Number of protein chains: 2
Amino acid sequence: MKLSTKGRYGLMAMFQLALEFGDEPISLKYIAEKQGLSENYLEQLFSNLKRDGLIQSVRGAQGGYLLTREPKDITVGQVLRSLEGHLAPAECVQHDIDCSKEDNCATKLVLMKIKDSIDNVIDSITLEDMVVETLKNNSN
Amino acid sequence: MKLSTKGRYGLMAMFQLALEFGDEPISLKYIAEKQGLSENYLEQLFSNLKRDGLIQSVRGAQGGYLLTREPKDITVGQVLRSLEGHLAPAECVQHDIDCSKEDNCATKLVLMKIKDSIDNVIDSITLEDMVVETLKNNSN
DNA sequence: TTATACCCCACTAATATTGTCAACATTCAA
DNA sequence: TTGAATGTTGACAATATTAGTGGGGTATAA
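Source: prediction; values computed, not measured. (Residues numbered from 1 in each chain as written. Chains lettered and ligands numbered in written order. Predicted model: local features only at pLDDT ≥ 70, side-chain atom pairs only at ≥ 80, totals over all residues. Heavy atoms only, no water.)

## Points about the protein's contact with DNA strand D
The criterion, for reference: Think of it this way: one heavy atom of a residue within 4 Å of a molecule or strand is enough to make that residue near it. Any pair of nitrogen or oxygen atoms within 3.5 Å is treated as a polar contact; in protein, a donor-acceptor pairing is required on top of that, and neighbouring residues in sequence qualify only through side-chain atoms on both sides. Numbered from the N terminus, helices here are DSSP runs of H or I no shorter than four residues, and strands are runs of E no shorter than two. The classification used treats Ala, Val, Leu, Ile, Met, Phe, Trp, Tyr, Cys and Pro as nonpolar, Asp, Glu, Lys and Arg as charged, and all other residues, Gly among them, as polar.
As a matter of local geometry, DNA strand D sits amid 25 residues, with Thr5, Gln44 and Arg59 of chain A together with Lys50 and Gly64 of chain B nearest to it. When the atoms of DNA strand D within 4 Å of the protein are grouped by moiety, sugar and phosphate amount to 63% of the total. Between DNA strand D and glutamine 44 of chain A, the relevant distance is 2.7 Å, taken from a base oxygen to a side-chain nitrogen or oxygen of the residue. The contact in question runs from a phosphate oxygen of DNA strand D to an N or O atom on the backbone of leucine 28 of chain B, over 3.4 Å. Elements supplying a minimum of two residues to the surface near DNA strand D: helix H1 (5-19) and helix H3 (39-51) of chain A together with helix H3 (39-51), strand E1 (55-58) and strand E2 (64-67) of chain B. Among the elements that take part in the surface near DNA strand D, H3 of chain A stands out by supplying 3 residues, more than any other. Looking at the surface near DNA strand D residue by residue, the class counts come to 8 nonpolar, 13 polar and 4 charged.

## Section: the pairing of E1 of chain B
Residues and elements named next belong to chain B. Basically, it comes down to this: When DSSP finds at least two bridges between two strands, those strands are taken to pair.
Direction of pairing for E1 relative to E2: antiparallel, over a ladder of 4 bridges. When the bridges of E2 are listed, serine 57 appears paired with tyrosine 65. Between the antiparallel neighbours E1 and E2 lie 5 residues, among them glycine 60 with a positive phi of about 85°.

Right, here's the structure in full:
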């Protein structure tokens, strides 16, 4: 029941983009160094994020990545789903595939409740929330 | 972010034990057939559940497994944790290990909220709840 | 023109998952 | 007493996933 590093690293990187949100594109190299992650690995993650319209890229020297909208308009859920796919605890919950038990499967009901609960949390937190929280902690 | 089959199969098996809760031990073979699972694999899971005091075994002919207490006193959380370990979405949340960022890690705060939310759900559902829900659905 | 950066795809080592299998111990019932 | 039913334990293996690495491109600013 772990989040893979895709989700975790990707979220850390997106947080960094939110922290330095502005007009200047930010390079992968910078993010990788700042967060202590592999640049090559981040590339793959950013490819997903771009495909899903959460970031845009600027090629060439002085290029990099930018959020496509303000941090307050990007949720943690959007980021994690882009990187991990749906955060369902099992296939049958994700695609509504029948586990040959259909509605009678008591376990499925439990798993759906878990999924709903996770969705609820990640869809209610934005990148801006993360930034605000961090700034608040640092000022202590 | 998937639950492994350990958690899923184990919960299905525990549900079966709850459904037929009584004085008679229930054999693995029966449970495996009833739920369509591998008997040998279930053995490993039951070893965990027994270690954590959720079930007891009766050896020999006519033997099998029994819940150690009533279904209403066993939560889904107890079952899943016995099989999967803590359901934290990342190591740093689970053991409070520092990710070298300590308190400043905005991502960790998010992950902790996810964990709390999951814990909240699974600790609030008992095996009895699962049974009741199932009987209700079947009577429709 | 050159350095910087994104882009894309192939590949791999390590790890976790999902079991299988075999030998053994205990108990019940005939 | 014996055999069948059942739990116990530990080793093993196939497969999938994770977590990267590496290299050869292309675009662009300076």
